[in-house]
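# Summary of the model geometry
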Amino acid sequence: MIVKEMKRMALCLFLLLFAGSVWSAAKEDRTEQRVDSVLRLMTLSEKIGQMNQVSSKEDPTGQLTECSNEEELIRSGQVGSMLNVVGVERTRHLQEIAVNDTRLHIPLIFALDVVHGYKTISPVPLAESCSWDMDLIEKSARVAAEEATASGIQWTFAPMVDIARDPRWGRVMEGSGEDPYLGSAIAKARVRGFQGTDLSAYNTMAACAKHFVGYGAAEGGRDYNTVDISKQRLRELYLPPFSAAADAGVATFMNSFNEVMGVPATGSTYLVRDILKGEWNFPGVVVSDWGSVAELIPHGVAEDKCDAAQLAVTAGCDMDMEGYCYVSSLEKLVLEGVVSESLIDDAVRRILRLKFDLGLFDDPYRYCDAEREKAEILSAEHRKVVREMACKSIVLLENREGILPLDNRCKNIGIVGPLADNPDDMLGSWCARGDGKDAIGILQGIKQAVGKGVRIRYAKGCEIEGDDRSGFSEAVQVAENSDVVIVCVGENRFMSGEAASRTRLTLPGVQRELLKAIKETGKPIVLLLSNGRPLVLDWEKENIGTIVECWQLGSEAGNAIADVLFGKYNPSGKLTMSFPYNEGQIPVYYNAKSTGRPYVPNVRYVTRYLDCPNVSLYSFGYGLSYTRFEYGELKLDKDTMFPGEKLRIDVSVANVGNYDGEETVQLYIRDVCSKITRPEKELKGFKKVFLKKGERTDISFELSLADLEYVLADGSRESDPGLFEVFVGGNPDDVKKAEFILVQGDK
Ligand code: NOJ
């Protein structure tokens with residue numbers, strides 16, 4: 001009876017899946033027919049107009065070069081998409097022009113950098129990545145999409161999936177840190193969050209994997225600087241999160257500003273035509289970065305706009321963002337026979353397909369609902385999600401004296417520092433239409449959390465930058481009158497993000513001096529850091545026993561920080577980018593390779609610095625909890641593995657401390673001897689578990705051949721038989737280890 005029922009259910013499921021795939025294939029065919037029917041009607045100039053993306057002049061996110069009237073441009077059929085226009089009223093108005101006043105009535109796509117929220121702001125992406133919580137990261141992107149689409153936007157320039165190993169580069173705050181495995185998982189989660197399962201739904205938006213590719217490798221961490229990476233490194237480090245985003249169905253890609261192997265990415269046939277559109281068969285739209293088509297000229301690979309347009313369109317860039325090269329030159333290039341019209345058709349087909357997929361042809365005003373705009377934005381439900389996201393993004397770096405969580409007997413709390421009463425800077429860079437007025441600062445969050453019985457004293461102490469020490473004495477007085485002092489220091493939100501590279505990564509201005517002055521009072525200190533990149537914290541680590549990396553946590557920053565300080569949430573974040581001892585050590589990252597002269601203490605001719613360790617101050621994967629987790633020995637289900645097999649790794653994890661809490665269990669491997677050099681540790685799995693105090697659980701991982709392979713410069717994958725090491729732990733430096741042998745051939 002049960003067997004019969006199960007068979008019936010399996011049959012139903014099969015039919016459902018089959019019907020689903022037939023339906024979606026039919027839908028795709030229908031879209032292709034509709035695209036063709038529009039394309040057939042278009043003149044060459046109308047086609048090229050679709051390939052032009054124009055920014056609003058009101059709130060540009062780059063240097064404006066043309067000052068043409070946007071409404072006139074739309075009317076004359078020279079715009080396919082706009083960026084930086086927001087709000088139902090304005091987007092509806094411009095959409096009406098496109099739909100009513102142009103010959104073919106083709107709707108516009110409205111785009112914006114909705115990177116970590118639209119109005120309700122989530123933690124900056126680097127912070128979110130420290131949660132290692134894919135479901136929550138997806139939810140956070142969902143909130144952003146709900147709000148942005150309610151405000152007329154249907155295309156976000158996110159996720160930024162650039163792997164970065166250089167904290168001098170300001171844009172590390174936009175990404176997910178240094179690891180390609182974790183970066184790929186997060187790329188997928190964000191794409192799912194923005195796009196949902198149906199792009200045409202009123203509350204989902206097209207995502208954009210950017211910046212393709214290698215932007216994070218700018219020499220010296222200086223934004224827009226030269227990049228030189230080998231094909232090998234491109235394949236194994238920089239490309240994986242992009243291919244993960246493509247696998248997750250990301251609708252669009254953005255070219256990066258940088259060059260790769262001597263060719264600027266926007267004009268690189270190798271990157272866009274061969275890899276993205278060729279090898280990966282990417283069917284979506286590739287948009288240039290802001291002006292990056294025109295920048296082929298200062299790069300020195302194009303003589304003029306005409307040359308630049310030819311290079312970019314040939315390479316596979318479908319849309320020119322604020323470069324005006326396509327609208328000024330492509331028609332001439334096609335008429336002269338220099339550029340084939342089939343290239344234009346291919347680009348326009350992709351753009352029209354996106355417009356159909358977004359449902360814009362069915363209802364160009366689908367994203368213009370003033371009621372929804374009012375109801376959705378800054379809703380209590382959205383705030384709840386970003387507060388949870390903020391709690392989980394916090395990384396506890398030190399708790400040596402066990403000060404945290406703060407004891408509720410503590411009745412006198414001092415709060416000092418320029419980031420304490422500063423909701424604006426909690427938002428971080430790329431905060432779309434976020435407003436400090438809607439954000440909860442740290443002081444406010446703590447005040448709300450403690451209630452009346454606790455006295456809070458506050459002094460700013462100093463500014464984030466500059467050398468004014470005149471506020472120190474007031475701050476010291478606050479400290480002297482308090483049982484514990486919470487020192488809130490870090491960066492402002494303009495110190496990271498685009499065009500915000502820095503060479504000195506210690507606390508800016510006189511903030512470290514303020515910290516020293518507070519330390520001299522002898523009062524217990526809780527150091528709260530708000531920043532958009534890893535900082536140099538050598539002095540702080542040595543001298544302050546309680547350090548919390550709060551990053552820039554968004555609209556609910558103060559509430560989330562209070563949740564952690566008072567133990568309502570037990571911190572579980574783990575760093576996703578290593579913190580250097582000093583700037584001279586950069587780049588320093590966990591997945592380094594061995595060298596021919598590995599480090600051995602007290603030996604001269606080995607790889608080392610005379611004045612600094614080789615490893616980072618705080619590593620990727622590191623982060624404490626109020627509780628303690630204990631790992632059992634690893635159990636492998638076999639010690640030799642054949643290629644078709646899976647290897648199972650079991651480990652028991654116990655919460656042996658005094659608080660309930662979450663642990664991110666991390667799995668790393670090392671291929672001990674292979675044809676090409678491999679990292680000493682490579683992340684290959686992770687699981688986040690919640691354990692009540694005293695609770696123990698068994699965690700299992702599986703490795704298959706694909707996890708043991710590496711990619712070669714030509715994109716092919718290989719594995720080598722022989723010894724592998726496998727490590728599991730709460731961070732890469734504190735692991736249990738086991739070994740197995742990969743054997744070649746069939747069992
Ligand atoms: C330039 C940035 O590099 C890119 O990330 C962003 O999406 C565009 N400007 C549009 O604002």
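Above this text is the structure in question.
The rules behind each value
- Residues numbered from 1 in each chain as written.
- Predicted model: local features only at pLDDT ≥ 70, side-chain atom pairs only at ≥ 80, totals over all residues.
- Heavy atoms only, no water.
- Buried < 20%, exposed > 50% of the residue type's maximum accessible area, 1.4 Å probe, protein only.
- Helix = DSSP H or I, 4+ residues; strand = E, 2+ residues; numbered from the N terminus.
- Pairing = 2+ DSSP bridges.
- Near = heavy atom within 4 Å.
- Polar contact = N/O pair within 3.5 Å; in protein donor to acceptor, adjacent residues only side chain to side chain.
- Areas by Shrake-Rupley, 256 points an atom, 1.4 Å probe, with all protein chains shown as cover.
- Nonpolar A, V, L, I, M, F, W, Y, C, P; charged D, E, K, R; others polar.
- Contact = heavy atoms within 4.5 Å.
- Axes fitted to C-alpha atoms, helices over the stretch in contact; angles between N-to-C directions.
- Left-handed = near helix turned anticlockwise from the far one by under 90°.
- Phe/Tyr/Trp six-rings, centres within 6.5 Å; stacked < 30°, edge-to-face > 60°.
- Lys NZ or Arg CZ within 6 Å of the ring centre and 35° of its normal.
- Core = buried A, V, L, I, M, F, W, Y, C linked by side-chain atoms within 4.5 Å.
- Domains from an automatic or database assignment.
- Salt bridge = Lys/Arg side-chain N within 4 Å of Asp/Glu carboxyl O.

### Some details on the pairing of strand E6 (residues 252–255)
- Here E6 shows a buried face lined by Thr252 and Met254 and a second buried face lined by Phe253 and Asn255.
- Relative to E6, strand E5 (residues 208–212) is paired through 3 bridges, and the arrangement is parallel. Looking at E6, one finds that Phe212 is bridged to Asn255.
- Relative to strand E9 (residues 285–287), E6 runs parallel, the two being bridged by 3 bridges. Counted as the bridge partner of Met254 is Val287 from E9.

### Quick look at the site of the ligand
- In the neighbourhood of the ligand, 14 residues make up the surrounding shell, with Thr61, Asp113, Arg171, His211 and Asp289 lying closest.
- One of the side-chain N or O atoms of Arg171 is found 2.6 Å from an oxygen atom in the ligand.
- Contact distances for the ligand include 2.7 Å between an oxygen atom and a side-chain N or O atom of His211.
- Relative to its free-state accessible area of 300 Å², the ligand is covered by the protein chains to the extent of 100%.
- Class assignment for the residues of the shell around the ligand results in 7 nonpolar, 2 polar and 5 charged.

### Observations regarding the environment of Val510
- Tracing the backbone shows Val510 in the loop between strand E14 (484–490) and helix H20 (511–519).
- As for Val510 and Gly466, which are separated by 44 residues in sequence, their C-alpha atoms are 6.9 Å apart.
- Residue contacts for Val510: discarding those within four places in its chain leaves Cys462, Gly466, Asp467, Asp468, Arg469 and Phe472.

### Some remarks on the sheet that holds strand E12 (residues 412–416)
- In space, the 6 strands of this open sheet follow the order E11-E16-E15-E14-E12-E13, with mixed pairing throughout. Two strands lie at the open edges of the sheet, namely strand E11 (395–399) and strand E13 (455–459), each paired on one side alone. Each adjacent strand pair in this sheet contributes to an overall mean axis angle of 15°, direction not counted.
- The sheet contact formed by E14 and strand E15 (residues 525–530) spans 6 bridges and is parallel. Considered in E15, the bridge of Val485 is made with Ile525.
- Most of the contacts of helix H18 (residues 442–450) go to E13, to which it runs at about 170°, and overall it touches E12, E13, E14 and E15.

### Thoughts on the sheet that holds strand E22 (residues 682–691)
- Spatially, the 5 strands line up as an open sheet ordered E19-E27-E26-E21-E22, and their pairing is mixed. At either margin of the open sheet sits one strand with a lone partner, and together these are strand E19 (640–641) and E22.
- Both strand E21 (residues 661–671) and strand E26 (residues 722–731) contribute to a ladder of 6 bridges, which runs antiparallel. Of the residues in E26, the one forming a bridge with Gln666 is Gly729.

### Brief notes about the packing of helix H6 (residues 134–149) against helix H7 (residues 180–195)
- Relative to each other, H6 and H7 sit at 35°, their axes nearing to 7 Å. The way H6 lies across H7 gives a crossing that is right-handed. Two secondary-structure elements touch here, H6 through Met134, Ile137, Glu138, Ala141, Arg142, Ala144 and Ala145 and H7 through Leu182, Ala185, Ile186, Ala189, Arg190, Arg192, Gly193 and Phe194.
- Of the residues belonging to the contact of H6 with H7, the class tally is 10 nonpolar, 1 polar and 4 charged.

### Examining the packing of aromatic side chains
- Counted under the stated rule, the structure contains 20 aromatic pairs.
- Relative to Tyr668, the ring of Tyr590 lies with its centre 5.5 Å away and its plane at 70°, an arrangement referred to as edge-to-face. Here the residue Tyr590 occupies a position in the loop between helix H22 (557–565) and strand E17 (629–631), and Tyr668 occupies one in strand E21, the gap between them amounting to 78 residues. The two residues Tyr590 and Tyr668 agree in class, both being buried.
- A connected cluster of aromatic rings, assembled from ring pairs, spans Trp132, Tyr181, Tyr590, Phe620, Tyr668 and Phe686.
- Seen from the ring of Trp430, Lys210 lies directly overhead, with NZ or CZ sitting 5.4 Å from the centre.

### Considerations on the environment of Glu381
- Mapped onto the elements of the fold, Glu381 is located in helix H16 (residues 380–393).
- It is 9.0 Å that separates the C-alpha atoms of Glu381 and Val143, two residues lying 238 residues apart in sequence.

### Description of the side chain of Arg678
- Relative to the elements of secondary structure, Arg678 occurs in the loop between E21 and E22.
- Owing to a relative accessible area of 8%, Arg678 belongs among the buried residues under this scheme.
- One polar contact links Arg678 to Glu236, side chain to side chain, over a distance of 3.0 Å.
- When neighbours within four sequence positions are excluded, Arg678 is seen to be in contact with Glu236, Lys593, Ser594, Asp671 and Tyr710.

### Some words on the nonpolar core
- Among the nonpolar cores identified, the biggest contains 96 residues, and Tyr326, Ile344 and Ile518 are the most heavily contacted of them.
- Shared between two domains, this core takes at least three residues from each, and those domains are domain 1 (24–372) and domain 2 (399–585).
- Excluding anything up to four places from it in sequence, Ile344 contacts Leu44, Lys47, Ile48, Met51, Val313, Leu330, Val334 and Val339.
- Counting residues in hydrophobic clusters, the runner-up holds 51 residues, among them Ala187, Leu237, Val260 and Phe282.

### With respect to the pattern of salt bridges
- Scanning the model with the defined rule gives 55 salt bridges in all.
- Taking the shortest distance from any N to any O, the salt bridge between Glu491 and Arg502 comes out at 2.3 Å. With a gap of 11 residues between them, Glu491 in the loop between E14 and H20 and Arg502 in the loop between E14 and H20 connect regions that are remote in the sequence.
- Assessed through its relative accessible area of 15%, Arg502 is described here as buried.
- Across the pair Glu491 and Arg533 runs a salt bridge, and its minimum N-O distance is 2.6 Å. With Glu491 in the loop between E14 and H20 and Arg533 in the loop between E15 and helix H21 (538–543), this residue pair connects regions lying 42 residues apart in the sequence.
- Judged by its relative accessible area of 0%, Arg533 is buried.
- When salt bridges that share partners are traced, they join Glu236, Lys593, Arg678, Glu682 and Lys684 into one network.

None of this, on its own, says anything about what the molecule does.
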